[in-house]
Every structure is written in structure tokens, then in C-alpha cells.
Amino acid sequence: MSKEITILYFATARDATNVSSEKISLPSQSMSMSLKDLTDLLKKRHEKLVPVLETSLYAINMEYVECDYQSILVKEGDEVAIIPPVSGG
Amino acid sequence: MSNFDKDFVKLTSENLILQDIINLVKDDGAGAITTFNGTTRNTFKGKTVIQLEYESYSPMAEKVLSDLIHEARTKWELTKTAIYHRTGIVPVGETSVIIAVSSVHRQESLHAVEWLINQLKEKAPIWKKEVYSDGSVWKENAESRQKV
């Protein structure tokens, strides 16, 4: 069975993809992928998500991540959320 | 350290009633209760808002808000705290968020409530969609944490 990560989409990100979540398979033989590679994959998969990702943050397992996407690794079972600018309150 | 009987955080689709939240933070040792009650406005730049829809990443939002309370407790001496945020459809004029904090003296809870609502607006993964008669738009808080 392939190793999967879960992607969550909210607000403008959900509107752009038309799904609230999806599973992404890690490349075969890989235990992880960089957030940079995941970003490129998501952009290819969802054309309308490209401008949304320009202003969105990521949260991995409910923690905001900082912007060095090359060095941040996403592993099997991780939950990655796209967080567009928030508007609670 | 978590305070199960002192700190209350909840995302809920149910109507928020200020007195219920005040009752959560009431304490005989606290001389002050400060509350913030956020309500939904009926206009935006002249357009009439029909209703608002709140979406949240609820498990993370509750975690972020609990972490903020934890941080607030390192800044001020607080007795009890509560943050309740509405989700789903909220009609115009209804309450979308309530923050209530009790403290022995008023200064502590006054400062904490202002800090908590500002931090919520910046960090909590919650989104508001304004629905007009001719469309809708996802809002962005001016305070929202930005990609750098």
C-alpha cells in the first residue's frame, strides 16, 4: 500500500479545489517529501490553487510552519492544512 | 499544564449567550470579569450583508486558542478564562465570538481580553464568508498572520 499524507483545504483553498480534503501518495520508495515538492505537486494538481498558495500558510499536524519549505519534510500520516488569511472574530 | 476547570475553549454551531459564558468564569475570589462580545455587522462598504458563514479547522483552532490562554496566563494573573467561537451560519446581529476572563483585580482581565481577541484574529484558523444579495466573499483580517 502506498504511503499517504492528508491535505486539508479551507475557505478560498476549498473553493479552488472543490474538495475539503484529499490523500496524496508519497513518491514510491520515499519516506517523506519536502514541503516545496508538495507545493509544486499541489499546484500541478489544482491550477486554481496557485494564487491561493501565494498568500496561504501551511500547518502540519496543527502547527503553523515557517517558510523554509525546502527543508521542511512531510511524512507518512501527516496532516497538512492550507491556511488562507484568517478572518475569525 | 492544562486547567480543565479554569479554562474553557469551544467552537460551536450553537447560539452564544453572554450570561452562560460569564457563568463559566465566575469565581468568588475574582473581583472582576471582563468580556468581549463580537457581533456580525450588517454592511460592508455599503453592501448589505445577508448572513455570515464561519468555517474553522476546529481541532487546530481549539489548540491555538488554548495555547493563547496558556500564554496569557504567563503575562497576567487570571482566575478563569473562556473563549467561545461560533461556526456555520450566523445571522446578522448575532454573536460570533465571546471572550470572558475573571481576575482578582480588573487590570489583569482587561488587558488579557484585549490581547486574546487580537491574537485570535491573527492566529486562529477560522474564516468568515460574507454573503450579499449578489454574491459572497471570504474576508481577511487586517491582523491575519501573513506569509513572509
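Residues numbered from 1 in each chain as written. Chains lettered and ligands numbered in written order. Predicted model: local features only at pLDDT ≥ 70, side-chain atom pairs only at ≥ 80, totals over all residues. Heavy atoms only, no water.

J.: Summarise the pattern of salt bridges; cite the residues concerned and give the values.
T.: It is possible for side chains of opposite charge to pair when their charged atoms get near one another. Counted by the stated rule, this structure contains 12 salt bridges over all chains. Between A:Lys36 and A:Asp40 there is a salt bridge, with its nearest N and O atoms 3.0 Å apart. Of this pair, A:Lys36 and A:Asp40 both sit in helix α2 (residues 35-45), separated by four residues, roughly a single helical turn. Judged by relative accessible area, A:Lys36 falls into the partly exposed class, the value being 34%. Connected through shared salt-bridge partners, A:Glu63, B:Lys63 and B:Asp67 make up one network. (Salt bridge = Lys/Arg side-chain N within 4 Å of Asp/Glu carboxyl O. Helix = DSSP H or I, 4+ residues; strand = E, 2+ residues; numbered from the N terminus. Buried < 20%, exposed > 50% of the residue type's maximum accessible area, 1.4 Å probe, protein only.)

J.: Tell me about the sheet that holds strand β4 (residues 57-60) of chain A, and name the residues and values.
T.: All names here are of chain A. An order of β2-β1-β7-β4-β5 is seen for the five strands of this open sheet, with the pairing classed as mixed. At either margin of the open sheet sits one strand with a lone partner, and together these are β2 (21-25) and β5 (63-64). Note: strand β1 (residues 4-9) against strand β7 (residues 79-83), four bridges, orientation parallel. Bridge pairing in β7 links Thr 6 to Glu 79. (Pairing = 2+ DSSP bridges.)

J.: Mind laying out the UniProt feature "binding site: substrate" (unreviewed entry) in chain B, listing which residues take part and the relevant values?
T.: All names here are of chain B. Here, the residues flagged by UniProt with the feature "binding site: substrate" (unreviewed entry) are His 105, Arg 106, Lys 121, Lys 128, Lys 129 and Glu 130. Of the residues just listed, which span 26 residues, the most distant C-alpha pair is 38.4 Å apart, and they do not cluster in one region. Note that His 105 resides in the loop between β7 (95-103) and α3 (106-123). Here His 105 falls in the exposed class, since its relative accessible area comes to 57%. With residues near it in sequence (within four places) discarded, Glu 130 still touches Phe 44, Val 49, Gln 51, Leu 52, Gly 135, Ser 136, Val 137 and Lys 139. One polar contact links Glu 130 to Tyr 132, side chain to side chain, over a distance of 2.8 Å. (UniProt positions renumbered as here; feature names shortened; annotations may be inferred. Contact = heavy atoms within 4.5 Å. Polar contact = N/O pair within 3.5 Å; in protein donor to acceptor, adjacent residues only side chain to side chain.)

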